[in-house]
Amino acid sequence: MQLRTAAEVQVVDVQKRRNPSKHYVYLVNVSYSDSTSHVIYRRYSKFFDLQMRILDKFPIEGGQKDPKKRIIPFLPGCVTV
């Protein structure tokens, strides 16, 4: 049995939610190597947590030693409305 891996990930939409409080949810389409796909819903805080984990794991690519060599893009700041 072949292991299924994510082949493509794309944010396809943003929805405003009001429960349990006002916030935005990003709709993310994940396409897998076996040609299946799923839409998952994530808040900004989950993207921020992922960004922090990536920067911890890849400090050189994150520009910690030399900011001019950073190849990991910056995450836009959270906007509250």
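Figured I'd write up the structure that's included with this text. All values derive from a computational prediction rather than experimental measurement.

**Quick notes on the overall build of the protein**
Alright, step 1. In terms of helices and strands, the protein carries one helix and three strands.
Alright, step 2. Start at the N end of the protein and walk to the C end: the helices and strands fall as β-β-β-α.
Alright, step 3. Expected size for 81 residues packed as a compact globule is a radius of gyration near 12 Å; at 16 Å, the protein overshoots this value by more than 25%.
Alright, step 4. Here the C-alpha coordinates of the protein stretch approximately 45 × 40 × 15 Å along the principal axes.
Alright, step 5. For the protein, the proportion of its 81 residues judged to be buried stands at 15%.

**What about the pairing of strand 2 (residues 23–32)?**
Consecutive residues of a regular strand have side chains that alternate between opposite faces of the sheet.
Alright, step 1. Of the strand pairs in this sheet, strand 1 (residues 6–17) and strand 2 are connected by 10 bridges, and their pairing is antiparallel. Among the inter-strand pairings, Lys 16 is bridged to a residue of strand 2, identified as Tyr 24.
Alright, step 2. Inspection of the sheet shows strand 2 paired to strand 3 (residues 37–42) by six bridges, in the antiparallel sense. Of the residues in strand 3, the one forming a bridge with Tyr 26 is Arg 42.
Alright, step 3. Counting the residues that bridge the hairpin from strand 2 to strand 3 gives four residues, and of these Ser 35 lies at a positive phi of roughly 75°.

**Brief notes about the side chain of His 23**
Alright, step 1. With respect to the secondary-structure elements, His 23 resides in strand 2.
Alright, step 2. Since its relative accessible area comes to 11%, His 23 is described here as buried.
Alright, step 3. At 2.7 Å, the side chain of His 23 forms a polar contact with the backbone oxygen of Ser 21.
Alright, step 4. Sequence-distant contacts of His 23, that is, excluding residues within four places in its chain, are made with Gln 15, Lys 16, Arg 17 and Arg 43.

**Quick notes on the sheet that holds strand 1**
Alright, step 1. The sheet built from three strands is open, its strands ordered 1-2-3 with antiparallel pairing. Single-partner strands in this sheet number two, and they are strand 1 and strand 3. Looking at each pair of strands side by side, their axes are set apart by 20° on average, direction ignored.

**Some remarks on the packing of aromatic side chains**
Alright, step 1. Per the counting criterion, the structure on display carries one aromatic pair.
Alright, step 2. A ring pair is formed by Tyr 26 and Phe 47, whose centres lie 5.5 Å apart and whose planes are at 85°; its orientation type is edge-to-face. Taken as a pair, Tyr 26 in strand 2 and Phe 47 in helix 1 (residues 44–57) lie far apart in primary sequence, 21 residues in all.
Alright, step 3. In this structure Tyr 26 comes out as partly exposed when scored by relative accessible area, which is 23%.

**A short note on unusual backbone geometry**
Across the chain, the bulk of peptide bonds are trans and the bulk of non-glycine residues have phi less than zero.
Alright, step 1. For the peptide bond that leads from Asn 19 to Pro 20, omega is 5°, which places it in the cis range.
Alright, step 2. Looking at the element boundaries, Pro 20 is found in the loop between strand 1 and strand 2.
Alright, step 3. Of note, the phi angle at Ser 35 is positive, near 75°, even though the residue is not glycine.
Alright, step 4. Taking the relative accessible area as the measure of exposure, Ser 35 reaches 72% and is therefore exposed.

Criteria and thresholds
- Residues numbered from 1 in each chain as written.
- Predicted model: local features only at pLDDT ≥ 70, side-chain atom pairs only at ≥ 80, totals over all residues.
- Heavy atoms only, no water.
- Helix = DSSP H or I, 4+ residues; strand = E, 2+ residues; numbered from the N terminus.
- Rg over C-alpha atoms; globule rule 2.2 N^0.38 Å.
- Buried < 20%, exposed > 50% of the residue type's maximum accessible area, 1.4 Å probe, protein only.
- Pairing = 2+ DSSP bridges.
- Polar contact = N/O pair within 3.5 Å; in protein donor to acceptor, adjacent residues only side chain to side chain.
- Contact = heavy atoms within 4.5 Å.
- Axes fitted to C-alpha atoms, helices over the stretch in contact; angles between N-to-C directions.
- Phe/Tyr/Trp six-rings, centres within 6.5 Å; stacked < 30°, edge-to-face > 60°.

Just geometry here; none of it tells us what the structure is for.
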